[in-house]
Amino acid sequence: MRRVACIYFPDWCVQHRLASRPPDDSRPLLVVSAAGGRGRRGVACCARATDDGVRRGVSLAEAKAIVSGPPGGGDGAGGKGDVGLNVVLADEESDRRAL
């Protein structure tokens, strides 16, 4: 008898990128796509970006503003304002290969 399993990874594009980046890179991650003709928009983000207020569908400019905080918010000591946002382009083919 043949068996089939269906596994759902709703944020696979984020999960495999988080697992493959250097361990000392703790920046919030946002995966963006230019599909749809409205500029680059977030298609998925990590839990840390979500905690900062980033959501799916947000424009790249807005996501960067949310994560960096108000102008001059960095304290020069690695605080939230100095961390930045790790932005990567969505690549569905790469995501499929990584499975």
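Procedures and definitions
Residues numbered from 1 in each chain as written. Predicted model: local features only at pLDDT ≥ 70, side-chain atom pairs only at ≥ 80, totals over all residues. Heavy atoms only, no water. Helix = DSSP H or I, 4+ residues; strand = E, 2+ residues; numbered from the N terminus. Buried < 20%, exposed > 50% of the residue type's maximum accessible area, 1.4 Å probe, protein only. Contact = heavy atoms within 4.5 Å. Polar contact = N/O pair within 3.5 Å; in protein donor to acceptor, adjacent residues only side chain to side chain. Core = buried A, V, L, I, M, F, W, Y, C linked by side-chain atoms within 4.5 Å. pLDDT = per-residue confidence, 0-100. Phe/Tyr/Trp six-rings, centres within 6.5 Å; stacked < 30°, edge-to-face > 60°. Arc of directions from axis to C-beta. Pairing = 2+ DSSP bridges. Salt bridge = Lys/Arg side-chain N within 4 Å of Asp/Glu carboxyl O.

Enquirer: Account for the side chain of N86, with residues named and values stated.
Expert: Residue placement: N86 occurs in strand β3 (residues 86-89). Judged by its relative accessible area of 11%, N86 falls in the buried class. Leave out the neighbours within four places in its chain, and N86 touches R21, D25, R27, P28, L29 and L30.

Enquirer: Tell me about the environment of D95, and name the residues and values.
Expert: Relative to the elements of secondary structure, D95 occurs in helix α5 (residues 92-98). For the pair D95 and C13, spaced 82 residues apart in sequence, the C-alpha separation works out to 5.9 Å. Setting aside chain neighbours within four positions, we find D95 in contact with W12, C13, H16 and R17. Separated by 3.0 Å, the side chains of D95 and R17 make a polar contact.

Enquirer: Help me get a handle on the nonpolar core, residues and values and all.
Expert: Ranked by internal contacts, the top residues of the largest apolar core, which has 16 residues, are V14, L30, V54 and A63. For this core, the secondary-structure elements that each account for two or more residues are α1 (12-20), β1 (29-33), β2 (41-45) and α3 (60-68).

Enquirer: Can you lay out the confidence of the model for the protein for me, pointing to particular residues and giving the numbers?
Expert: Residue-level pLDDT values for the protein average 84, and 85% of them are 70 or greater. pLDDT under 50 marks residues 72-82. Its contacts with residues more than four places away, or in other chains, come to 11 contacts.

Enquirer: Describe the packing of aromatic side chains, naming the residues involved and giving the relevant values.
Expert: Counted by the stated rule, this structure contains 1 aromatic pair. Ring geometry for F9 against W12: centres 5.4 Å apart, planes inclined by 45 degrees, an arrangement best described as tilted.

Enquirer: Talk me through α3; I want residue IDs and the actual numbers.
Expert: Residues lying three or four places apart along an α-helix face the same way, a consequence of the helix completing one turn every 3.6 residues. Within α3, the full set of buried residues consists of L60, A63 and V67. Projected down its long axis, α3 carries its buried residues within an arc of 60 degrees, all on one side.

Enquirer: How would you sum up the pairing of β1? Please name residues and give values.
Expert: Where burial is concerned, most of β1 is hidden: 5 out of the 5 residues are buried. In this sheet, β3 lies alongside β1 in parallel orientation, the contact comprising 4 bridges. Paired with V31 across the strands is V88, a residue of β3. Relative to β2, β1 is paired through 4 bridges, and the arrangement is antiparallel. For V31, the partnering residue across the bridge sits in β2 and is A44.

Enquirer: I'd like to hear about the pattern of salt bridges, residue by residue, with values.
Expert: This structure, assessed with the given rule, holds 7 salt bridges. A salt bridge links R97 to E93; the nearest nitrogen and oxygen atoms lie 3.9 Å apart. Placement of the pair is R97 and E93 together in helix α5, with a separation of 4 residues, close to one helical turn. R97 sits in the exposed class, given a relative accessible area of 60%. Salt bridges linked by common partners bring E92, E93, R96 and R97 together as one network.

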